[in-house]
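Fold and contact review
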Amino acid sequence: MTVTYTARVANARFCSFSKLLLAWKGSIYRLLYKEFLAFFALYAAISFTYRFFLDDDQKRYFEKLAIYCNHYSSLIPMSFVLDQPYGLSMNLRLLPGFYVTLVVNRWWSQYTSIPLPDRLMCVLSGGLQGSDERGRLLRRTMMRYASLSALLILRSVSTAVFKRFPTMDHVVEAGFMSREERKKFEGLHSPYNKYWIPCVWFTNLAAVARCEGRIKDDHTLKLLLEELNAFRGKCSMLFHYDMISVPLVYTQVVTLAVYSFFLVCLIGRQFLDPTQGYPGHDLDLYVPIFTLLQFFFYAGWLKVAEQLINPFGEDDDDFETNWLIDRNFQVSMMAVDEMYGDLPMMERDRYWNDSNPRPPYTAATLFDLRKPSFQGSTFDMAIPKEEMHFQPLEDIAENLEESASRHPNMALFNRLLNAAPSPSGLMGGALRRTSAQLQRLRHSPSIDQCTSDDDDDESCKLGKGGSLPLGLGQETQSTVCSFREEKSCRTPLLDIQFRVEKSDEEGQEKAESTTANAQVMSQLPPPPRASPQPVSRFTIAPHHPSAFLFNPAAHSSLEHCSSQPVINRDKAAPAVLNAPFGGSKTSFLAVPPHNEPQRFRSVSMGSELTGS
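Here the structure is a predicted model, which is why all the values come from computation and not from measurement.

With that settled, consider the overall build of the chain. Of the regular secondary structure elements, the chain holds 18 helices and 7 strands. Evaluated residue by residue, the chain yields a buried proportion of 38% over its 612 residues. For the chain, the proportion of contacts with a sequence separation of at least 24, taken over those separated by at least 6, is 74%.

Printed below as a string of structure tokens:
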């Protein structure tokens, strides 16, 4: 019978588990005491012979043999029994063994595969209608067929059940099968186990009940057959567990490893004469305490595997299969017969008018009532009072828009604008360094590209979703545009002009600056190519977004926006017009083209683009 000690260790107190060490039934002492006594007797016999019956030469030879055995005993692969999980050292040999873990998992899986009729009997009691004798006969017969199928499979795998029902006559006499059913059962010739035949009888009766209208619909019939198939599947699993065991070679090598190790220890762990000065043999204790403990642990693990590898035997911790047969048969018959249609009278419960029903407590459990109800992990969290106020949605949206538009490269671009070269020093190479830094900005993943729209004055503007942050100065917004011609021709380097405006209110000064730009541009020397050069005008205002002006003669359309000029292969002499910065005057920069292949570059500018 299975040894149950759960109630004895319900509360973990001082020495609560130590009481279990004194138990005998189902203990390791009962399993191992014979092997332990045999090992100790052999060790004592060898030790007694070494001390009293061998001469000096024989003792020296035995001592060399003992040292040799002790040295090479570690080569025996004890890791078959004691595993090394997660790369731990082999010195940690008191960990659960892989073989034992495999056997324990298999042991529990076999118990969960024992067929229980509880779900089947509930579906059968509610699905097959009829309180007359015919309905009662159908329910009881179908439930008896299910119990018969479980009995046949348990009789095939359990020695305890087979001893109880050694022949089919015992099964008939016990009431699980009638004589007519036995004739049909034995008349069906099959070389395989026929535990499944009662399940087929069950399905045939279910079909008859459906035809008679006792099973109201096909859904109920389907549910009933699904539960029967689950029941039959567990019977099949028990059969396969019995047929497919742990591979014999694995069991053999584990057993040989353990017993050969301790056979070597009988000689290698002997206490030798301390006067000989052998390393590690300074003491002569006669009794090998740690060797006996090692045998107890190693052989104990092996005994655990031997007991659990077949839980359908008659060991102390094997399954109570006969008790399961009795319980399942009695409960299933009661559920489908006596309890069919048997309902207690419905009445109002004692908490009918109570909106907060609370069952009573005894004096022994009153302390549970004093415990506060658990409300959640954050129920007692403290938050500063100033952080509890709701914020207006407008402020939240503005903060989110500002944080979303912030770009990590804007600080670099601000430094580039602050360090913009003067017209006099532009030929010293400052523009080339600036262009190289701006080239790196093109590869930024957060820069949006937009397609030009001819209906909107060929302008390219960034929306809220893909805008760059406030970058150029403190109040400007960043916009990036790249452009190219529809044709695959080479475009010379753009003439870049910077115009500084004081405010939007000075409209007249803006118009004059635009006129001056046009006049100066007409004075610039033409580039060395037949096609016209596109001219970009960069207007940067200290307090307002500046305009990004393009020459309409250079491009008829914009595919996508980028402030990087397209470089021409033809070299041209630089043309620089010196004009002072300051006031409402305008300074112009003419950037020479370079002999490079055409490619796109991007410049992040602190302005909103408008094409003119």
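In this section: empty space enclosed by the protein. If you walk through the whole model with that rule in mind, you get 6 cavities of 30 Å³ or more. For the lining of the largest cavity, the leading source of residues is helix α5 (residues 133-157), giving 6 residues. Of the residues belonging to the lining of the largest cavity, the class tally is 13 nonpolar, 2 polar and no charged.

So, about the confidence of the model for the chain. Residues of the chain with pLDDT of at least 70 account for 62%, and the chain-wide mean is 74. Under a pLDDT of 50 for its full length, residues 422-428 has, in the predicted model, 15 contacts with residues more than four places off or in other chains. Across residues 443-506, where pLDDT falls below 50, the model places 224 contacts with residues more than four positions away in sequence or in other chains.

Looking now at the packing of helix α9 (residues 197-211) against helix α10 (residues 218-243). Viewed as axis vectors pointing N to C, α9 and α10 meet at an angle of 175 degrees, and their least axial separation amounts to 11 Å. Considered as vectors, α9 and α10 are oriented roughly antiparallel to each other. Counting all contacts with α9, which are made through Cys 199, Phe 202, Thr 203, Ala 206 and Arg 210, the residues of α10 involved are Asp 218, Leu 221, Leu 224, Leu 225, Leu 228 and Arg 232. In terms of residue class, the contact of α9 with α10 is built from 7 nonpolar, 1 polar and 3 charged.

Note on placement: Ser 149 falls in helix α5. On the basis of relative accessible area, Ser 149 is assigned to the buried category, the value being 0%. Not counting chain neighbours up to four residues away, the residues in contact with Ser 149 comprise Tyr 195, Pro 198, Cys 199 and Cys 235.

Now for the packing of α5 against α9. At a minimum axis separation of 8 Å, α5 and α9 run at an interaxial angle of 160 degrees. Overall, the two elements α5 and α9 adopt an arrangement that is roughly antiparallel. Note that α5 runs across α9; the crossing there is left-handed. Judged by residue contacts, Arg 134, Leu 138, Thr 141, Met 142, Met 143, Tyr 145, Leu 148, Ser 149 and Leu 152 of α5 engage Pro 198, Cys 199, Trp 201, Phe 202, Leu 205, Ala 206, Val 208 and Ala 209 from α9. In terms of residue class, the contact of α5 with α9 is built from 14 nonpolar, 2 polar and 1 charged.

Turning our eyes to something else, we now look at unusual backbone geometry. A positive phi angle is found at Tyr 286, which is not glycine, with a value near 70 degrees. The topology assignment puts Tyr 286 in the loop between α11 (248-268) and α12 (289-308). For Tyr 286, a relative accessible area of 51% puts it in the exposed group.

Turning our attention to helix α4 (residues 118-127). Those residues of α4 not exposed but buried are Leu 120, Met 121, Val 123, Leu 124, Ser 125 and Gly 127. For α4, the elements touching its buried residues are α5, α9, α10 and α13 (321-338).

Take the pattern of salt bridges next. In the structure shown here, the tally under the stated rule is 19 salt bridges. Salt-bridge contacts for Asp 337 lead to Arg 140; the nearest nitrogen and oxygen are separated by 2.6 Å. Linking Asp 337 in helix α13 with Arg 140 in helix α5, this pair joins segments that are 197 residues apart in sequence. Within this structure, Asp 132, Arg 134, Glu 212 and Arg 214 form a network of salt bridges that share partners.

What follows is about the environment of Trp 24. By secondary structure assignment, the location of Trp 24 is in the segment before α1 (28-52). Contacts of Trp 24, omitting those with residues within four sequence positions, involve Tyr 29, Arg 30 and Tyr 33.

With respect to the helices and strands, the residue Pro 117 is situated in the loop between α3 (98-112) and α4. Among the residues examined, Pro 117 registers a relative accessible area of 3% and is labelled buried. Once you skip the residues sitting within four places of it in the chain, Pro 117 turns out to touch Met 143, Phe 231, Arg 327, Asn 328 and Ser 332.

Judged by side-chain polarity, Phe 40, Tyr 286, Val 287, Ile 289, Phe 290, Leu 293 and Phe 297 come together as a nonpolar surface patch covering roughly 710 Å² of accessible area. Sort the elements by how many residues they give to the nonpolar patch and α12 lands first, with 4 residues. Its place among the elements puts Phe 297 in helix α12.

Rules behind the numbers
Residues numbered from 1 in each chain as written. Predicted model: local features only at pLDDT ≥ 70, side-chain atom pairs only at ≥ 80, totals over all residues. Heavy atoms only, no water. Helix = DSSP H or I, 4+ residues; strand = E, 2+ residues; numbered from the N terminus. Buried < 20%, exposed > 50% of the residue type's maximum accessible area, 1.4 Å probe, protein only. Contact = heavy atoms within 4.5 Å. 1 Å grid on protein atoms, 1.4 Å probe; cavity = no way out; pocket = protein on both sides within 12 Å on 5 of 7 lines; lining within 4 Å. Points joined across faces, edges and corners; volume = space filled by probe spheres on them. Nonpolar A, V, L, I, M, F, W, Y, C, P; charged D, E, K, R; others polar. pLDDT = per-residue confidence, 0-100. Axes fitted to C-alpha atoms, helices over the stretch in contact; angles between N-to-C directions. Parallel < 35°, antiparallel > 145°, perpendicular 65-115°, else oblique. Left-handed = near helix turned anticlockwise from the far one by under 90°. Salt bridge = Lys/Arg side-chain N within 4 Å of Asp/Glu carboxyl O. Patch = residues over 30% accessible without salt bridge, like charges linked within 9 Å, V, L, I, M, F, W, Y side chains within 5 Å. Areas by Shrake-Rupley, 256 points an atom, 1.4 Å probe, with all protein chains shown as cover.

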